[in-house]
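Chain and residue survey
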Amino acid sequence: MSDTFSYLLMAWLDPQLLLLTALGTLAGIYVGAIPGLSVTMAASILISFTFSWDINNALALMVGIYVGGVYGGSRTAILLNIPGAPSAVVTAFDGYPLAQRGEAGRAIGLSTVMSVIGGLLGTLVLAGSAPFLADMALEFAPRDYFLIAVLGLLLVSTLSGKSLARGIFSVALGSTIGLVGMDMVTAQPRLTMGSMELMGGIHYVVVMIGLFGVAEAFYQLHNLTKVPVKQKVDKIIPPLSMVLKYLPLSIRTSIIGVIVGALPGTGGDIASLFAYDHAKRTVKTPSSPFGEGAYEGLVAPETANNAAVGGAYVPMLTLGMPGDAVTAVIIGALVIHGLNPGPMLMIETPHIFWFTVGNLALANIFLLIFGLTGIKVFSKVVEVPKALLIPLILVLCVVGTYSINSNMTEVYWMLGFGILGYWLKVFGFQMGPVILGVILGPLLDETYRQAMSSVGDSGGQFLLALVTNPLSLVLTAVIALVLLGQTPAKTWLKSRFQRN
């Protein structure tokens, strides 16, 4: 027990580890805030610099980058409607309307506090439930991941605004975009129109920057003469009453974030979608309508995507399976340093597990400190006249897109998606379902084919497995209930119960 506590507090008591965690967190916030600069990319670059370092030093820096980067994407999502990271896409739905109302300071302050709460709860669950969650994740078969992808696509009703039909069209469009490229099973070109440059697919960040950044810049050309809203940044730290009011929601969405994050191949982006949907279904009287500046719509995704960080470490440390792209890079760092991520890690090198738990908690404390500073400067961005801000946004979008693969073709695609997004916005389509389709479409395709292969391509065996396996049965039942909730049958059943 004494050894466990010493490992937990190692990063807190060592000045060098303390400094590296602080620097990593600060750098992560700003890397995450710049569209196109991903946390995965930053962690990958760090490996080349840290392979000769002590493992604790390398992990401290990477943990800081990871925690800061997941949070950082929310700042530009709130201020400019440009998510700095995929996990911040949902944050923009209500965060940006809050900034348009002049409440950017309060929105960023609340998102910071709730992100820290989610991160600390995720770390706590990692410490106490790692063996249980790892066993649960190990039980997931390809058909279960397929069902999760289906469940994610059913969230289209949450993100569609007032028209479900437009939402269905948008998610189908996004899924089609996500499937462009070489088929990973047959190696045949798919939807490439004979172009070799499309064989590698269209990077989802390119689509995201185009649809959210460029489209918003074009759309704001209608408001060039509009006087910028003066942001209220005098009360950045949310009052305790506000934090306590949203604490039950943050605890529930933290649990969602940890569970989703613990499933290999998922991450904060999917966790935030589930959390936002949960908030819409459970919060009866939001502070404003969802999508129009509801604080609940800000709290739910921000808590979940940061809680998913702790969840993503569960399969990595206990099974050797990456919970998301960043933990895949961290696995590489562990292997380079001669460690063996997986079931034997906690037996052979338990100090790595407990050091990581303590380091995650420390990074969240630094996140609170750095997250609540510099907000006044950030908030001034939205007070810049549109005639100056729009060109700046477009330049950032071009630089961010080019930085992904140093490929000008992706810049052209990004501008094309910006034009497409502009016209979609003009005709009342939401961007969220398109991004949802881009992210979940390939997962749906891959897991369905894996599931069918596992039963010898027998449709009957596949359907039978959905009702005979307990986990699959639960997921199938949840999907059925969600479908029922999106039909007129929900209203009919509700009226019947109320009469009785």
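Numbering of residues begins from 1 in every chain and follows the order in which that chain's sequence is written. Restriction of local features to residues with pLDDT of at least 70 applies here, the model being predicted, together with a cutoff of 80 or more for giving and counting side-chain atom pairs; totals for whole chains, interfaces and linings are based on all residues. Heavy atoms from the whole structure form the basis of all side-chain values; hydrogens and water molecules are not counted.

Salt bridges are identified by distance alone: a Lys or Arg side-chain nitrogen within 4 Å of an Asp or Glu carboxyl oxygen. Throughout the structure, instances matching the rule amount to four salt bridges. The salt bridge partner of Asp445 is Arg190, with a shortest N-O separation of 3.3 Å. Of this pair, Asp445 sits in helix H21 (residues 432-454) while Arg190 sits in strand E2 (residues 189-190); the two residues are 255 residues apart in sequence, bridging distant segments of the chain. Residue burial is assigned from relative accessible area. The probe radius is 1.4 Å, only protein chains are included, and a residue is buried under 20% of its type maximum, exposed over 50%, and partly exposed in between. What makes Asp445 partly exposed here is its relative accessible area of 22%. Residue Asp277 is joined to Arg281 by a salt bridge in which the shortest nitrogen-to-oxygen separation is 2.7 Å. Here Arg281 and Asp277 lie together in helix H13 (residues 268-282), a separation of four residues that amounts to about one turn. Judged by relative accessible area, which is 34%, Arg281 ranks as partly exposed. Linked by salt bridges that have partners in common, Arg190, Asp445 and Arg449 make up one network. Under the DSSP-based scheme used, a helix requires at least four consecutive residues in state H or I and a strand at least two consecutive residues in state E, with every element numbered from the N terminus.

This part takes up the packing of aromatic side chains. We call Phe, Tyr and Trp rings a pair once their centres come within 6.5 Å, taking the six-membered ring for Trp, and we label the pair stacked below 30 degrees between planes, edge-to-face above 60, and tilted otherwise. Across all of its chains, the model carries 13 aromatic pairs by this definition. Between Phe146 and Phe462, the ring centres sit 5.9 Å apart and the planes meet at 65°, which makes this aromatic pair edge-to-face. A residue pair is termed long-range when its members are at least 10 positions apart, and Phe146 in helix H8 (residues 142-153) and Phe462 in helix H22 (residues 459-468) qualify at 316 residues. For the pair shown, Phe146 and Phe462 are each scored as buried. Here the aromatic rings of Tyr276 and Phe290 are separated by 5.8 Å at their centres, their planes lie at 85°, and the arrangement is edge-to-face. Linking Tyr276 in helix H13 with Phe290 in the loop between H13 and helix H14 (295-319), this pair joins segments that are 14 residues apart in sequence. Phe290 carries the same exposure label as Tyr276, and that label is buried.

With that settled, the discussion passes to the nonpolar core. Buried Ala, Val, Leu, Ile, Met, Phe, Trp, Tyr and Cys residues form a nonpolar core when they are joined through side-chain atoms within 4.5 Å. In terms of nonpolar packing, the biggest core is built from 137 residues, with Tyr66 and Tyr313 touching the most fellow members. No other element matches the 14 residues that helix H5 (residues 55-80) contributes to this core.

Take it as geometry only, folks, not as evidence of what the structure does.
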